[in-house]
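Per-entry structural report
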Amino acid sequence: MRFASSRNIYIRRFFTALLVFVTALFQHSGFIPELFGAPALLLVPLTVCIAMFERSIPGMCFGVLAGLLWDFAASGGDGFFSVLLTAAGFFSGALVTFVFRNNIRAALILSFGALTVCNVSHWLMFIVRKGYEGGADLLFSRYLPSVLYSLVFVFVYYYLVKAIFDICAEKK
């Protein structure tokens with residue numbers, strides 16, 4: 001009985017990791033168009049939704065995977081997204097364990113928080129700190145609309161991850 005249970009976990013995590021790779025491919029290939037100059041940050045809501053089902057430590061590991069894929073595709077490759085998505089995965093999983101229920105409303109709240117932290121901290125670190133002119137305009141024309149645009153994908157990823165978990169659930 002234990003072997004069948006662990007086999008389902010491996011299958012579930014394989015398909016979840018495959019979803020992370022496919023999402024990273026979609027995010028960086030331009031398959032998902034920008035909306036009025038605001039890109040969709042698909043890996044953030046995906047990491048949050050995975051962590052909501054996997055809980056804190058596995059969610060953190062999937063956050064590391066998503067962050068590394070994002071950093072490999074970024075021009076700087078400084079580990080910024082790895083750190084943020086690791087934290088998002090851990091805290092989302094922990095909050096669902098101790099504070100929130102696992103539902104779409106919680107996914108929207110947690111994704112909104114993670115997207116806002118990710119975008120505002122990126123804006124602070126790479127625009128404000130370097131002293132670029134027009135930083136405030138960039139915040140309101142690109143970074144904050146990106147948060148709202150990315151929230152649309154919470155619905156897609158929440159139900160995709162839920163379907164993976166339901167299919168790989170242990171039969172009683």
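In what follows, the structure referred to is the one given above.
A few points on the structure. (Residues numbered from 1 in each chain as written. Predicted model: local features only at pLDDT ≥ 70, side-chain atom pairs only at ≥ 80, totals over all residues. Heavy atoms only, no water.)

Observations regarding the layout of surface pockets
Selection rule: Both site types are read off a 1 Å grid over the protein atoms alone. A 1.4 Å probe that fits but cannot get out defines a cavity, while an open set with protein on both sides within 12 Å along at least five of seven lines defines a pocket; lining residues have an atom within 4 Å of a point. Grid points are joined across faces, edges and corners, and a volume is the space filled by probe spheres set on the points. Under the DSSP-based scheme used, a helix requires at least four consecutive residues in state H or I and a strand at least two consecutive residues in state E, with every element numbered from the N terminus. Gly is put with the polar residues, along with every residue not named as nonpolar or charged; the nonpolar set is Ala, Val, Leu, Ile, Met, Phe, Trp, Tyr, Cys and Pro, and the charged set is Asp, Glu, Lys and Arg.
Taken as a whole, the largest pocket encloses approximately 560 Å³ of empty space. If you trace the largest pocket, you find 25 residues lining it, with Leu41, Trp70, Phe81, His122 and Arg142 closest to the centre. Of all elements in the fold, only helix H1 (2-29), helix H3 (56-73), helix H4 (80-98), helix H5 (104-128) and helix H6 (135-167) reach the threshold of two or more residues within the lining of the largest pocket. Looking at which element gives the most residues to the lining of the largest pocket, the answer is H5, with four residues. When its residues are assigned to classes, the lining of the largest pocket shows 12 nonpolar, nine polar and four charged. Put simply, the second largest pocket is a space of about 200 Å³. Tallied by class, residues from the lining of the second largest pocket come to 11 nonpolar, two polar and no charged.

Re the packing of helix H2 (residues 43-54) against H4
Rule in force here: Each axis is a line fitted through C-alpha atoms, and for a helix only the stretch in contact is used; angles between axes span 0 to 180 degrees, taken between their N-to-C directions. In this scheme, a crossing is called left-handed if the near helix is turned counterclockwise away from the far one by less than a right angle; it is called right-handed if the turn is clockwise. Should any heavy atoms of two residues lie within 4.5 Å, those residues are considered in contact.
Two elements in contact, H2 and H4, have axes whose closest approach is 8 Å; the angle formed by their N-to-C orientations is 35 degrees. Handedness of the crossing formed by H2 with H4: right-handed. Touching Leu43, Val44, Thr47, Val48, Ala51 and Met52 of H2 are Leu85, Gly89, Ser92, Gly93 and Val96, all from H4. Classifying every residue of the contact of H2 with H4 by side-chain character gives seven nonpolar, four polar and no charged.

Section: the packing of aromatic side chains
To be explicit about the condition: The criterion for an aromatic pair is that two Phe, Tyr or Trp rings (for Trp, the six-membered ring) have centres within 6.5 Å, with stacked assigned to planes under 30 degrees apart, edge-to-face to planes over 60 apart and tilted to the rest. We call a residue buried when its accessible area falls under 20% of the maximum for its residue type, exposed when it is over 50%, and partly exposed in between, using a 1.4 Å probe and counting protein chains only.
Summed over all chains, the structure comprises 10 aromatic pairs. Ring geometry for Phe80 versus Phe81: centroids 5.2 Å apart, planes at 85 degrees, classification edge-to-face. Taken as a pair, Phe80 and Phe81 share a single burial class, namely buried. Measuring from ring centre to ring centre gives 5.3 Å for Tyr158 and Tyr159, while their planes differ by 85 degrees; the resulting arrangement is edge-to-face. Judged by its relative accessible area of 46%, Tyr159 is partly exposed. Through pairs of rings, three or more aromatic residues link up here, namely Phe53, Tyr158, Tyr159 and Phe165.

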